[in-house]
Amino acid sequence: MATFASMRLALGAALLAAAAVPAYAQQQQVPAWAVGREGSGMSPTLAPHAPKLTVTPENELPINDLRVPDGFKIEVWAHGAPGARMMAVGDRGTVFVGSRVIGRVYAISDEGGQRRVRIIAQGLKQPNGIAFKDGALTVIAINQVLRWEGIEGKLDNPGQPTDLTSAFNLPPEEHHGWKFAGFGPDGRLYTNVGVPCNVCEFDRDRYAILVSFRPDGSDRRIEARGIRNSVGFDFHPATRELWATNNGRDWAGNDVPEDTLHRVRRSGEDHGFPFCVGDWNDPAVPRRACSEFEQPAAKLGPHVAALGMRFYRGTGFGAEYENQIFIARRGSWNREKKSGYDVVVAKLDGQGRVTGIQPFLTGFLDASGEKFTGRPVDVQQLQDGSLLVADEQLGAIYRISRR
Amino acid sequence: MRTTLMGAAALAAALLFPGAVAAADAARGQALAESCAACHGPGGNSQLDLVPSLAGQQPLFLTLQMILFREGIRAFPPMNEAMKGVVDRDIEDLAAYYASLTLEPQPPARDAAKVERGKALSATHHCGSCHLPDYSGQNQVPRIAGQREDFLLHTMLEYQQQKRSGTDTAMNAALYGLSEADLEALAHYLALQR
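About the cut-offs
- Residues numbered from 1 in each chain as written.
- Chains lettered and ligands numbered in written order.
- Predicted model: local features only at pLDDT ≥ 70, side-chain atom pairs only at ≥ 80, totals over all residues.
- Heavy atoms only, no water.
- Pairing = 2+ DSSP bridges.
- Helix = DSSP H or I, 4+ residues; strand = E, 2+ residues; numbered from the N terminus.
- Axes fitted to C-alpha atoms, helices over the stretch in contact; angles between N-to-C directions.
- Parallel < 35°, antiparallel > 145°, perpendicular 65-115°, else oblique.
- Left-handed = near helix turned anticlockwise from the far one by under 90°.
- Contact = heavy atoms within 4.5 Å.
- Buried < 20%, exposed > 50% of the residue type's maximum accessible area, 1.4 Å probe, protein only.
- Phe/Tyr/Trp six-rings, centres within 6.5 Å; stacked < 30°, edge-to-face > 60°.
- Lys NZ or Arg CZ within 6 Å of the ring centre and 35° of its normal.

Draft legend 1. Inspection of the sheet that holds strand β7 (residues 136–140) of chain A at higher detail. Residues and elements named next belong to chain A. Pairing within the open sheet is antiparallel, and its four strands lie in the order β6-β7-β8-β9. Of all the strands in the sheet, just β6 (129–133) and β9 (162–163) have a single pairing partner and so form its edges. As defined by bridge partners, β6 adjoins β7 across five bridges and the pair is classed as antiparallel. Looking at the pairing, alanine 131 lines up with threonine 138 of β7.

Below, the structure is given as structure tokens:
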């Protein structure tokens, strides 16, 4: 994931490594986004890829390049939603879609076999967190929590939302400040708070956490600590456990650390950031025994940007997919050879152990591995059992179903 | 499948055709740009304080900035007004037009000490890794070589004060910790590049 921003409260990895200077005493010598790049041996020209924020017509989408397993088919479900990211499905089937830079929330509905794309909110600061419950749409932007009651009855004129920002009192930092949002089986609203740096020392009760609230923003509870920047989670349909993806830090090397999948067995567990990713000690910070921390349920690949994830509910895709996790990997920037740009399935056994990570949707990256035609950021199951995949790069939503 | 798109981008979907980027129409853009010349100058070379030149700028950068103005995410009221309701295709054509023009820098009187300082700061802060070593820019990263010195300084101060946000926070971070005198030196050095 992009890791750019001012690092006011942070101490750069470079300084930590040097260790001669007291932590907060010194002006940073390196811009925050590049902290850790010096001496990494990685190409200094690596930088995040450009977004595209204009409408892409349907006939420019790479539908013919996309590959799904035998027995499945993929089609364009909607297009013309630049920057489309996280999705939530309403009771009446409306698909609500958040975004980052373009600041919009879309509502996409099926009208007689055609999709209609409405912009229901705009000018927001990275409204990436999208959750639906009891007829209401909750949107979490970097600096705002907004709720529209009865939204599906007023898509043409959503009106002013209820502003819950002060009740939730989330940190204001932009860096890794975009949210994923979802209601748990306990009725609480869950979200993430990323760390406002690449790697640094920070308040471990405030950043790099998964956190839940009552829907009105009260009763804050830390669900997991030491998760650097999770932008995707879901609840196991049978065990109700919280599972989350996490983005590893940049500039530690092409193949370290890996992005990770986390299983949260009990509220408040510590998953190790910034000290450990699995059994890998981050050399940028003081050494701690990695056995002190929860171990990831699976490694998802270095720099792949594993984001939106959902358990597949029901047997529509066949028994082998029931309660398995679909994960969108947006694709790397901080890696000399591109990786990710796909959707994978984490296969779980009866005990909830991950037995493998399998490709499911591929073809966004061309044969040279240099050019990409999509960046999948979220997956969402429709009521008919098919699976939607949101592509942020070209503002399209694909639908995968059984043949 | 057909999609009906509501809102600002309504017409764009219907009007676009294959290879939108390559096919963006500079001639069409020129016709749309008439109202811009009062501020951005004839041929996209600005003659006004604090108004950036657009000639020879990276087309993707121009496109993205116009979208940010239209959506109210980059704030400057006259530009927000100018972009109101402008559809995606028009924005892409405007960008193609300005990108096709030749920048005619109006370099400031050279101050050797400032140039040295700006050059050194650019090296330690890796400005050339994103903007390229000749500062001609790429994709979403703008050309900064030969831009107006007053605009460069003004906009860098705005990034530092979090008054300007872009498609990512790269610039807010890249300028972290630099003094105003540092930014003056950088602006001076960059305005003198060709």
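Draft legend 2. Summary view of the packing of helix α5 (residues 59–70) of chain B against helix α7 (residues 88–100) of chain B. All names here are of chain B. The geometry of α5 relative to α7 is characterised by a closest axis approach of 8 Å and an angle of 140 degrees between their N-to-C directions. With respect to α7, the element α5 is oriented oblique. Where α5 crosses over α7, the two elements pack in a sense that is right-handed. Listed contacts from α7 to Pro59, Leu62, Thr63, Met66, Ile67 and Arg70 of α5 are Asp88, Ile91, Glu92, Leu94, Ala95, Tyr98 and Ala99.

Draft legend 3. Local environment of the pairing of strand β26 (residues 387–391) of chain A. All names here are of chain A. A large share of β26 lies buried, amounting to five of its five residues. Residues Leu387, Val389 and Asp391 of β26 are buried on one face, and the alternating residues Leu388 and Ala390, pointing to the opposite face, are buried as well. With five bridges joining them, strand β25 (residues 376–381) and β26 adopt antiparallel strand pairing. The residue bridging glutamine 380 from the neighbouring strand is leucine 388, located in β26. Counting the residues in the hairpin turn of β25 and β26 gives five residues, including glycine 385, whose phi is positive at 90 degrees. Bridging between β26 and strand β27 (residues 396–402) involves five bridges; their strand directions are antiparallel. If you follow leucine 388 over to β27, its bridge partner there is arginine 399.

Draft legend 4. Local environment of the packing of aromatic side chains. All names here are of chain A. In this structure the tally under the stated criterion is 25 aromatic pairs over all chains. When the ring of phenylalanine 72 is compared with that of tyrosine 321, the centres are 5.5 Å apart and the planes differ by 90 degrees; the resulting orientation is edge-to-face. On the criterion of sequence distance, the pair formed by phenylalanine 72 in strand β1 (residues 72–78) and tyrosine 321 in the loop between β21 (306–311) and β22 (325–329) is long-range, its members being 249 residues apart. The pair formed by phenylalanine 72 and tyrosine 321 is uniform in burial state, with each residue classed as buried. Both rings, one in tyrosine 190 and one in phenylalanine 235, keep their centres 4.7 Å apart while their planes meet at 70 degrees; by these two values the pair is edge-to-face. Within this pair, whereas tyrosine 190 is found in strand β11 (residues 189–193), its partner phenylalanine 235 is found in strand β14 (residues 233–235), the two being separated by 45 residues in sequence. Phenylalanine 235 matches tyrosine 190 in its accessibility class, with the two residues each being buried. Through pairs of rings, three or more aromatic residues link up here, namely Phe72, Tyr312, Phe317, Tyr321, Phe326 and Phe360. Directly above the ring of tryptophan 178 sits arginine 100, whose terminal nitrogen or CZ lies 3.4 Å from the centroid. The ring of phenylalanine 72 has arginine 402 lying over it, and the distance from NZ or CZ to the ring centre is 4.1 Å.

It is worth stressing that arrangement in space is one thing and function is another; only the former is reported here.
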